[in-house]
Amino acid sequence: MCEAPDIPGPFDNLWNDAVGVTAAKNEAKEAAKEQERLNQIAEQRNAEIEANRLEQIRIANAATAAQQEAAAAGSAAIQEVQQQAETAFVVGGSANAAEISERNAAISAANSAATTSQGILSKQKKKKKGLRISPKDAYAKGEGSAGTTSASLKIGSQGVAAGTGTNLPV
């Protein structure tokens, strides 16, 4: 191909038009304009994305704050109910006081009955295990025959009883 003449002027423009330099320059200018337009659109969309991200963070923070407020309100309500229950238990309403008085009376009556039973049982004579009445004592009291006489013998910690074996110190 021929080289472009170094002479400026109309011939140079005709030469550039013929060879396609002018068309390439125009295409490059159009491509640069299109790229600039695309860059502006990209910047706008990036700004929208950033705004949406910031809005999402704001909404998440607001939701977290609302949840924390709801939890605090729920906790306060629970504490108030517990406080009221404790106050009602300590002070007692008319129905609660009647129930408590009735329960205390029942406990007192049971305690009195148990004390009376223990007093009666402690006054009774108890037979000693392992020792039987001798025939001489039995005839003296008028009870008749005493049957057999026996006594249990314990040596140290050894004794005769059902379910026990020898327990001698070695």
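First, a word on scope: everything that follows refers to the structure included in this document. (Residues numbered from 1 in each chain as written. Predicted model: local features only at pLDDT ≥ 70, side-chain atom pairs only at ≥ 80, totals over all residues. Heavy atoms only, no water.)

1. What to know about the overall build of the chain
Moving on, step 1. A count of helical and extended segments in the chain gives 4 helices and 0 strands.
Moving on, step 2. When the helices and strands of the chain are read in sequence order from the N terminus, they spell out α-α-α-α.
Moving on, step 3. Among the 170 residues that make up the chain, the fraction classed as buried is 1%.
Moving on, step 4. Taking the intrachain contacts of the chain between residues at least 6 apart in sequence as the baseline, contacts between residues at least 24 apart amount to 0%.
Moving on, step 5. Of the accessible surface of the chain, which amounts to about 15,000 Å², a share of 58% is contributed by carbon and sulfur atoms. (Helix = DSSP H or I, 4+ residues; strand = E, 2+ residues; numbered from the N terminus. Buried < 20%, exposed > 50% of the residue type's maximum accessible area, 1.4 Å probe, protein only. Contact = heavy atoms within 4.5 Å. Areas by Shrake-Rupley, 256 points an atom, 1.4 Å probe, with all protein chains shown as cover.)

2. Examining the pattern of salt bridges
Moving on, step 1. Here the structure, examined in full by the defined rule, presents 3 salt bridges.
Moving on, step 2. Ionic pairing is found between glutamate 34 and arginine 37, a salt bridge with its closest N-O pair at 2.6 Å. With a gap of 3 residues between them, glutamate 34 and arginine 37 both fall in helix H2 (residues 21-91), about one helical turn apart.
Moving on, step 3. A relative accessible area of 35% places glutamate 34 in the partly exposed class. (Salt bridge = Lys/Arg side-chain N within 4 Å of Asp/Glu carboxyl O.)

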